[in-house]
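# Structural features, examined
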Amino acid sequence: MIKIAINSDICTGCRVCELTCAFIHTRSFTPENSRIHVEKDEFNGKDIPYVCIQCEEKYCIENCPTGALEIDIQTGAIKVDEESCIGCGVCVRVCPYNGARVHKKNKKVLICDLCNGDPECVKKCPVGALSLEQI
Ligand code: SF4
Ligand code: SF4
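Now for a description of the structure that goes with this document. All residue numbers refer to position in the chain's written sequence, counted from 1. By the order in which they are written, chains take letters starting at A while ligands take numbers starting at 1. Local features in this predicted model are restricted to residues of pLDDT 70 or higher, and side-chain atom pairs are both shown and tallied only at a pLDDT of 80 or more, whereas totals for entire chains, interfaces and linings draw on every residue. With hydrogens and water set aside, each side-chain value is computed from the structure's full complement of heavy atoms.

## Details of unusual backbone geometry
At Arg27, a position not held by glycine, the phi torsion is positive, near 55 degrees. Think of it this way: any DSSP run of H or I at least four residues long counts as a helix, any run of E at least two long counts as a strand, and we number them from the N terminus. With respect to the helices and strands, Arg27 occurs in the loop between helix H1 (16–26) and strand E2 (37–41). Residue burial is assigned from relative accessible area. The probe radius is 1.4 Å, only protein chains are included, and a residue is buried under 20% of its type maximum, exposed over 50%, and partly exposed in between. According to the relative accessible area criterion, Arg27 is exposed, its value standing at 59%. We note that Leu114 has phi near 60 degrees; this positive angle belongs to a residue other than glycine. Mapped onto the elements, Leu114 comes out in the loop between strand E7 (109–111) and helix H4 (120–124). A relative accessible area of 0% places Leu114 in the buried class.

In structure tokens, the structure reads:
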């Protein structure tokens, strides 16, 4: 199993990762459709990418009131059943890693699916701020 490791010290905030993810999943370059997101830490002058890190605790799965989340046994990523997701945002609030977001328009949760085990954002980051780690 793999996870995406983030080195925010070298992230330039270019957001190529967001655009890549949005394009791969929705054929649009709309950052709101991305499962990875970059936040600006104005105080420290840093850009910090956030994405699901396949943590051990899996608070999102445990707390989802509709059972919309489960582990993909092939990749270890969190799988979202969009039919069951009601967009309540509980999974977003309980994630200590800022790894999930509810899409503003369709109210379905966005969580990294690891692109079936070969994450495109990792390949496209121009400075190597994203990498793969075995877990
Ligand atoms: S593509 Fe890489 S450098 Fe650009 S914002 Fe994403 S993580 Fe940072
Ligand atoms: S937003 Fe969707 S996946 Fe997240 S806790 Fe609510 S119903 Fe479950």
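## As for the pattern of salt bridges
Here a salt bridge means any side-chain nitrogen of Lys or Arg lying within 4 Å of a carboxyl oxygen belonging to Asp or Glu. One pass over the full model with this rule turns up nine salt bridges. The closest approach of N and O atoms between Glu133 and Lys3, which form a salt bridge, is 3.9 Å. With Glu133 in strand E8 (residues 130–134) and Lys3 in strand E1 (residues 2–6), this residue pair connects regions lying 130 residues apart in the sequence. Exposure remark for Glu133: the relative accessible area of 38% places this residue in the partly exposed category. The exposure class of Lys3 is buried, given its relative accessible area of 19%. Beyond isolated ion pairs, a larger network of salt bridges with shared partners links Asp118, Glu120, Lys123 and Lys124.

## Things to note about the packing of aromatic side chains
Two rings belonging to Phe, Tyr or Trp (six-membered ring only in the last case) form a pair when the distance between their centres is within 6.5 Å. Interplanar angles under 30 degrees mark stacking, angles over 60 mark edge-to-face geometry, and anything in between is tilted. Under the criterion given, the structure shown has one aromatic pair. Consider the rings of Phe23 and Phe29, whose centres lie 4.8 Å apart with planes at 10 degrees: the pair is stacked.

## Structural notes on the nonpolar core
As used here, the term nonpolar core means buried Ala, Val, Leu, Ile, Met, Phe, Trp, Tyr and Cys residues forming a set that is joined through side-chain atoms within 4.5 Å. By size, the foremost hydrophobic cluster in this structure holds 27 residues, and its most contacted members are Ile4, Ile36, Leu69, Val109, Ile111, Cys121 and Leu130. Secondary structure elements with two or more residues in this core: E1, H1, E7 and H4.

## Examining the state of the cysteines
A covalent bond bridging the sulfur atoms of two cysteines is what the word disulfide describes. Whenever a pair of cysteine sulfur atoms sits within 2.5 Å, that pair is classed as a disulfide. On inspection of all chains with the given rule, the structure shows zero disulfides. With no disulfide of its own, Cys21 lies closest to Cys115 among cysteine sulfurs, the gap being 6.3 Å. Cys55 takes part in no disulfide bond, and the closest cysteine sulfur to it belongs to Cys95, at a distance of 6.3 Å.

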